[in-house]
Amino acid sequence: MNKLCVVGLGYIGLPTAGMFANHGWQVLGVDVNQKAVDMINKGQIHIEEVGLGEMVAKAVKNGSLKASEKVEEADSFIIAVPTPHTDDNTANLKYLIQATNSVLEKVQKGNVVIVESTIPPRTINDVVAPLFEAANWKVGEDIYLAHCPERVLPGRILIELVENNRIVGGINQASTEKAVEVYSTFVKGELLRTSALSAEMSKLMENTYRDVNIALANELVKISEKLGIEALEVIELANQHPRVNLHLPGPGVGGHCLAVDPYFIIEKAPEESQLIANARIINNSMPGFVVDQVGKRVKDRSSKIAVLGLTYKGNIDDVRESPAMEIVEKLLEEGYTLGVNDPHIGQEQVGFKISSFTDAVEDAECILVLTDHNEFKKLDEEVILAKAKRPLVFDTRNCVRISNEKIEYVNFGNLKEKAAIDITIN
Ligand code: SAJ
């Protein structure tokens, strides 16, 4: 039986370990978090993901998955540790280097080492390979090295791991083929063979493409606000062109991918990354723009604002890099009183009070929608009319559908009052 060692048991590493363990591999999952290791060895999980609990429990029970704090000898190694960005927006490769060094202690001739973590371009060639070379391994001959970025969406990880096409980028062709052999165990999507360098850059460009396009939509909102144009109507009309797909404006871009990955490119080629850097500046300016727009409608800074939604996008429980959190901070700095409601957030995730919808809306001069949770698509209009001081809904996500005429509705892309508009983008 082939043995696999997965270093890093987070949102990507644990589902990956479980998947291999359920497809004929003997898997050792390694993590520095002792609590996570203990839980997994009891067949439990420390993160939330649809179907993952059952998958891990099954693999632990039948003995194909074990967890440990120490790397052991194996045929293949997968590294799936975080690569956070530092305060100066450069990648922090500390965990990747630690993980590589721990693999280095156990690697044997003929093994393949695969990095799944998102990394700046040239990291495999300039950082990871030299660590093995310094230990006298001929990388690509004695041992094989590849970068296979993950591209799965939280909530759908177990499905997308199997069905998505997967980029497999070896440091040389022999490494690519070795890594293809590993993933072909369960991947039903296409395995796209390429170099490590192209793999690194494609992953970053996928998220940068989205970030730049969202910046374009956000810039359109600002231009439209100045010129009295209805931005959302413009997007809807322009998208009728067969080769145009304008994205949706919003209160900013959050999450640990889109708001971070473009910096990995900028870091390596700052002079050349003008458009990418400007897109980051535009998207980062959106929380301030939202607060200015609130200020135009609610002049008395001692008023109460009801904030609906804190997560970086709808129907998830993740507040990492969320523009809504920054907007809350800025509104408080302006002096407003806030009532905050988010049905997907627990009190312990944030440092301020989370209220029920009714309590949040009570006495509010403005109901500010920052996240497109399903719960917000149809608001309780009776409660708004009975409790709010002024029944004004300011919808930065174009997601609320209002039916009562007594409620004033302002759409973010249409800063003059008008009904929400139905737009779909890919
Ligand atoms: N957003 C807009 N307007 C839009 C689309 C999104 O303002 O038109 C905002 C969202 O509200 C959110 C942010 O962008 O704040 C990011 O959301 P997202 O759904 O675009 O992306 P993520 O970060 O949840 O996941 C992305 C995905 N990448 C792409 O769609 C290209 C996912 O497939 C990747 O696996 C993931 O990044 C990753 O791990 O890199």
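Our structure's up above, just so we're on the same page.
These notes cover the structure that comes with them.

Conventions adopted
Residues numbered from 1 in each chain as written. Predicted model: local features only at pLDDT ≥ 70, side-chain atom pairs only at ≥ 80, totals over all residues. Heavy atoms only, no water. Pairing = 2+ DSSP bridges. Helix = DSSP H or I, 4+ residues; strand = E, 2+ residues; numbered from the N terminus. Axes fitted to C-alpha atoms, helices over the stretch in contact; angles between N-to-C directions. Near = heavy atom within 4 Å. Polar contact = N/O pair within 3.5 Å; in protein donor to acceptor, adjacent residues only side chain to side chain. Nonpolar A, V, L, I, M, F, W, Y, C, P; charged D, E, K, R; others polar. Contact = heavy atoms within 4.5 Å. Parallel < 35°, antiparallel > 145°, perpendicular 65-115°, else oblique. Left-handed = near helix turned anticlockwise from the far one by under 90°. 1 Å grid on protein atoms, 1.4 Å probe; cavity = no way out; pocket = protein on both sides within 12 Å on 5 of 7 lines; lining within 4 Å. Points joined across faces, edges and corners; volume = space filled by probe spheres on them. Salt bridge = Lys/Arg side-chain N within 4 Å of Asp/Glu carboxyl O. Buried < 20%, exposed > 50% of the residue type's maximum accessible area, 1.4 Å probe, protein only. Patch = residues over 30% accessible without salt bridge, like charges linked within 9 Å, V, L, I, M, F, W, Y side chains within 5 Å. Areas by Shrake-Rupley, 256 points an atom, 1.4 Å probe, with all protein chains shown as cover.

A word on the sheet that holds strand E8 (residues 191-195). If you trace the eight strands from one edge of the open sheet to the other, you get E3-E2-E1-E4-E5-E6-E7-E8, paired in mixed fashion. Since the sheet does not close on itself, it has two edges, and those belong to strand E3 (65-68) and E8, each with one partner. Strand after strand, the sheet turns through a mean of 25° between neighbouring axes, direction not considered. Sheet topology places strand E4 (residues 76-79) next to strand E5 (residues 112-115); four bridges connect them, and they run parallel.

It is worth spelling out the site of the ligand at this point. The environment of the ligand is formed by 19 residues, the closest being Lys203, Asn207, Arg210, Tyr312 and Arg397. A distance of 3.0 Å is found between an oxygen atom of the ligand and a backbone nitrogen or oxygen belonging to valine 152. The backbone of glycine 254 places a nitrogen or oxygen atom 3.0 Å from an oxygen atom of the ligand. When the residues that make up the shell around the ligand are grouped by side-chain class, the tally is nine nonpolar, three polar and seven charged.

Assignment of secondary structure puts lysine 313 in the loop between strand E9 (304-308) and helix H12 (323-334). If we ignore the near neighbours within four places in the chain, the residues touching lysine 313 are Leu153, Thr371, Asp372 and His373.

The subject of this paragraph is the packing of helix H10 (residues 261-268) against helix H11 (residues 274-297). At their nearest, the axes of H10 and H11 sit 9 Å apart, and the two run at 140° to each other. Between H10 and H11, the interaxial angle falls into the category oblique. Remark: the crossing between H10 and H11 carries left-handed chirality. Across the interface between the two elements, Pro262, Tyr263, Ile265 and Ile266 from H10 touch Ile276, Ala277, Arg280 and Asn284 from H11. Broken down by class, the residue content of the contact of H10 with H11 amounts to six nonpolar, one polar and one charged.

Turning our eyes to something else, we now look at empty space enclosed by the protein. One pass over the structure, following the stated rule, counts four cavities of 30 Å³ or more. Considered as a void within the structure, the largest cavity measures approximately 60 Å³ in volume. Surrounding the largest cavity, Pro149, Glu150, Arg151, Val152, Glu160, Leu161, Asn164, Asn165 and Arg166 form its lining. Its residues assigned to classes, the lining of the largest cavity shows three nonpolar, two polar and four charged.

Its volume calculated, the second largest pocket comes out at about 170 Å³. Looking at the second largest pocket, the residues that line it are His85, Gly252, Val253, Ala259, Tyr263, Arg280, Asn283, Asn284, Pro287, Glu321, Pro323 and Glu326. Where the lining of the second largest pocket is concerned, the elements lending two or more residues are H11 and H12. No other element matches the four residues that H11 contributes to the lining of the second largest pocket. Of the residues belonging to the lining of the second largest pocket, the class tally is five nonpolar, four polar and three charged.

Let us look at the pattern of salt bridges. Summed over all chains, the structure comprises 15 salt bridges. Taking the shortest distance from any N to any O, the salt bridge between lysine 109 and aspartate 142 comes out at 3.4 Å. Of the two residues, lysine 109 sits in the loop between helix H4 (94-104) and E5 while aspartate 142 sits in the loop between helix H5 (123-134) and strand E6 (144-147), which places them 33 residues apart along the sequence. Lysine 109 sits in the exposed class, given a relative accessible area of 62%. Across the pair glutamate 408 and arginine 390 runs a salt bridge, and its minimum N-O distance is 3.0 Å. One end of the pair, glutamate 408, is in strand E13 (residues 408-411); the other, arginine 390, is in the loop between helix H14 (381-387) and strand E12 (392-395), and 18 residues separate them in sequence. Residue glutamate 408 is classed as partly exposed on the basis of its relative accessible area, which comes to 30%. Looking at arginine 390, the relative accessible area reads 24%, which means it is partly exposed.

Counted residue by residue, H10 has six buried out of eight residues, so it is predominantly covered. Among the residues of H10, those classed as buried are Asp261, Pro262, Tyr263, Phe264, Ile265 and Ile266. Looking at the buried side of H10, the elements it contacts are helix H8 (196-227) and H11.

Here the focus is the sheet that holds E9. Strand order in the open sheet formed by five strands is E10-E9-E11-E12-E13, and the pairing between neighbours is parallel. At either end of the open sheet lies a strand with only one pairing partner, and these are strand E10 (337-341) and E13. Averaged over all neighbouring strand pairs, the angle between strand axes comes to 20°, with direction disregarded. Pairing of strand E11 (residues 364-369) with E12 involves three bridges; the strand directions are parallel. Bridging from a neighbouring strand, valine 369 pairs with aspartate 395 of E12. Across the sheet, H11 touches E9, E11, E12 and E13, and the angle it forms with E12 is around 160°.

One non-glycine residue, asparagine 136, adopts positive backbone phi at about 70°. Among the secondary structure elements, asparagine 136 is positioned in the loop between H5 and E6. Given a relative accessible area of 71%, asparagine 136 falls into the exposed group. The phi dihedral of glutamate 321 falls on the positive side, at around 55°, and the residue is not glycine. Mapped onto the elements, glutamate 321 comes out in the loop between E9 and H12. Given a relative accessible area of 40%, glutamate 321 falls into the partly exposed group.

Further remarks concern a nonpolar patch on the surface. Residues Ile223, Leu227, Ile229 and Val234 make up a contiguous nonpolar surface patch of about 320 Å² in total accessible area. Along the polypeptide, leucine 227 turns up in helix H8. You can call leucine 227 exposed: its relative accessible area is 57%.

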